[in-house]
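Fold and geometry: a report
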Amino acid sequence: MEPFTGEMKRTHYCGAITTEDVGKTVTLCGWVHRRRDHGGLIFVDLRDREGFVQVVFNPQVNREAHEKAEKLRSEFVISVRGRVERRPEGTENPSIPTGEVEILAEKLSILNESKPVPFPLEDETDVAENVRLKYRYLDLRRPSMQRVMITRHQVTRATRDYFYENGFLEIETPFLTKSTPEGARDYLVPSRVNPGAFYALPQSPQLFKQILMVSGYDRYFQIVRCFRDEDLRADRQPEFTQIDVEMSFVDREDIFETMEGLMEKIFRDVLGVSVNRPFRRMPYRQAMDLYGSDKPDLRFGMEITDITEEVKGSDFNVFNRVIESGGVVRALVAPQMAGISRSKIDELTEVASIGGAKGLAYFKVEEGGLSSPIAKFFGENHLKAIQEKTGAEAGDMIFIVADTWEVVCDSLGRLRLHLGRELNLIDEGRYEFLWVIDFPLLEYDEEEKRFVAMHHPFTSPVPDDIPLLDEDPLRVRAQAYDLVLNGSEVGGGSIRIHQRALQEKMFSLLNISEEEARVKFGFLLDALQYGAPPHGGIAFGLDRLVMIIAGVDSIRDVIPFPKTQKAVCLMSGAPSPVGKEQLKELHIKLDL
RNA sequence: GGGGUCGUAGUUAAGCCUGGUUAUAACGCCGGCCUGUCGAGCCGGAGGCCGCGGGUUCGAAUCCCGUCGACCCCGCCA
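Now for a quick tour of the structure. These figures come from a predicted structure and were not determined experimentally.

1. Digging into the sheet that holds strand S4 (residues 77-86)
- Read around the closed barrel, five strands run S1-S2-S3-S5-S4, paired in mixed fashion. Shown here is a sheet whose adjacent strand axes are inclined to one another by a mean of 55 degrees, direction ignored.

Take a look at the structure:
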């Protein structure tokens, strides 16, 4: 080990050396990626965040450097000074960016050694994820991980640039804030100086950004961490990052225009892709009807067809009972799948059953018509009508689910996605944006026996629907919108309620008492009395957006230090027990 | 809370169904040789609580029960 002196400080990044640099003496700092020791000659691939370059230790160039290089091992940290040379003819390596050049080492400093690493630091890795997470500092050293983190940086940079250019103010909101009902479970932080009281980490800065509008800041954005104590998934972490936006004196169109501009800039700056504007729009109801999802993947077609009318009057009682009780019968055509096996059908039935379907009926489309174990219950006119309505052609398979509207949508939606992937109908290079609009304002929660807000309680109803709040609350549409990209919800927002009376009415519809509203949201209700401007906004899930842009399947691959499914950090060991003294200071007794 | 997949040298896997001498391979690691390699090559070597605990058996990596952990999914996530 040697001191790091000025003469060995970096002049270039390894990955940035080009034929332009031939003849120059450069100093490189980095990690030994690989060493190939020929006894006489030693080759070292030296790596830094920009890439790697071959360093040649030749005793005839410098004996001392060559002798030292014999000690080098993987992941040693070194500084090398030497001349950039074009590689001798026939030894170029066209498979790497710096393959035409090499560094003839004249001086080597070993700045630090490394134990043998627990797994190879290669781009392609099949190492178990728990090993990667335990040694995250090594995992993050892998070039593919560094590329993703750089991509993430580019996305946040493009975002900041865009909002700065468009007159938005970047303002911070508290992390130690107040627990609110509705929504996800809160992460709580005990207050030492207020025994028995707790802060909550924000699920989002929702109320604060609305307050900022009341305060006249007009256009706000923040790239901000949010916390939700719910179970994890491939695209869900307990702490995640939102691009949070709020604007005053705007309607939905202004938000769409501004946010499409943001997406356009991000995709241009980061991927060099130009996106088609304006983005498509689709009412929630239509998305559910056609794609069985409120976040449809529009990279492929395969739309769902309603055949409730077409099957009426058959002898098939399963369908008849569903229709009598107000349900629907709908079909999905799987192209050229008529020949699939019984076990394949079982597998697809399983997929549909996740959505609640109690069975999956099917018709094989043959030259002469439809065939199926249940075909005997249908007249020739029924079968013909089904085939015509679905547009199925010979060789196709028609899958049918009959149930409540919700179950049919969910089941066929899942089946559609499953088949889309399996039949390779999804063009991975495409980016299909979609605004889903006209969400219902409310849903009925069977468990709690009350209405709950579909988006959140501060979402404004569509003005025309306000009279319905009393007559038929479930039919009230919200001024809410989601941005969907390739079947993933990447953002959601709404025009907010800016009048106290309407906000109070909303709380009462949600069965939140006046008393409770005052305690939980009093500050918002108060603020709305003092000149609150009309306003609205949106929040994007930065992590999900980066997942799509970087083309990775796990949210853990776009977060430098993620948690496992049990919300544990395998590197630091968090969460962990704390000492008695610490608990006592916080006035907390454990009950385990 | 529930369903599923997985857990064997540092890493990735085989062996497990059908129990039987010393648990197999590749990569990595250590030593030697080697001046144009880039997954360098050749020769030699070390390395295992078969996740953990219990049971069945003359005998368990292998069969059974439990448990822990990682991952995927359902519920949950305004």
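Once you've had a look at it, read on.
2. Some details on the protein's contact with RNA strand B
- Around RNA strand B, 46 residues are found, and the nearest of them are Arg34, Thr91, Glu102, Ala453 and His455.
- Among the atoms of RNA strand B lying within 4 Å of the protein, the sugar-phosphate backbone contributes 50%.
- Arg87 is positioned with one of its side-chain polar atoms (N or O) 2.6 Å from a base nitrogen of RNA strand B.
- Mapped onto the surface near RNA strand B, the elements with two or more residues apiece are strand S1 (25-37) and helix H2 (129-134).
- Broken down by element, the residue count for the surface near RNA strand B peaks at three residues, all from S1.
- The residue inventory of the surface near RNA strand B, partitioned by class, reads 13 nonpolar, 16 polar and 17 charged.

3. Points about the packing of aromatic side chains
- This structure, assessed with the given rule, holds 23 aromatic pairs.
- Ring geometry for Phe256 against Tyr481: centres 5.3 Å apart, planes inclined by 85 degrees, an arrangement best described as edge-to-face. One end of the pair, Phe256, is in helix H6 (residues 252-271); the other, Tyr481, is in strand S20 (residues 480-485), with 225 residues separating them in the sequence.
- A centroid spacing of 5.8 Å and a plane angle of 45 degrees characterise the contact between Phe316 and Phe378, whose relative ring orientation is tilted.

4. Concerning the side chain of Thr564
- Mapped onto the fold, Thr564 is located in the loop between helix H15 (542-550) and helix H16 (580-585).
- For Thr564, a relative accessible area of 18% translates into the label buried.
- In this structure, Thr564 is in contact with Leu133, Leu232 and Leu570, ignoring residues within four places of it in sequence.

Here is what the cut-offs are and how they apply
- Residues numbered from 1 in each chain as written.
- Chains lettered and ligands numbered in written order.
- Predicted model: local features only at pLDDT ≥ 70, side-chain atom pairs only at ≥ 80, totals over all residues.
- Heavy atoms only, no water.
- Pairing = 2+ DSSP bridges.
- Helix = DSSP H or I, 4+ residues; strand = E, 2+ residues; numbered from the N terminus.
- Axes fitted to C-alpha atoms, helices over the stretch in contact; angles between N-to-C directions.
- Near = heavy atom within 4 Å.
- Polar contact = N/O pair within 3.5 Å; in protein donor to acceptor, adjacent residues only side chain to side chain.
- Nonpolar A, V, L, I, M, F, W, Y, C, P; charged D, E, K, R; others polar.
- Phe/Tyr/Trp six-rings, centres within 6.5 Å; stacked < 30°, edge-to-face > 60°.
- Buried < 20%, exposed > 50% of the residue type's maximum accessible area, 1.4 Å probe, protein only.
- Contact = heavy atoms within 4.5 Å.

Scope: geometric values only; no functional claims are made or implied.
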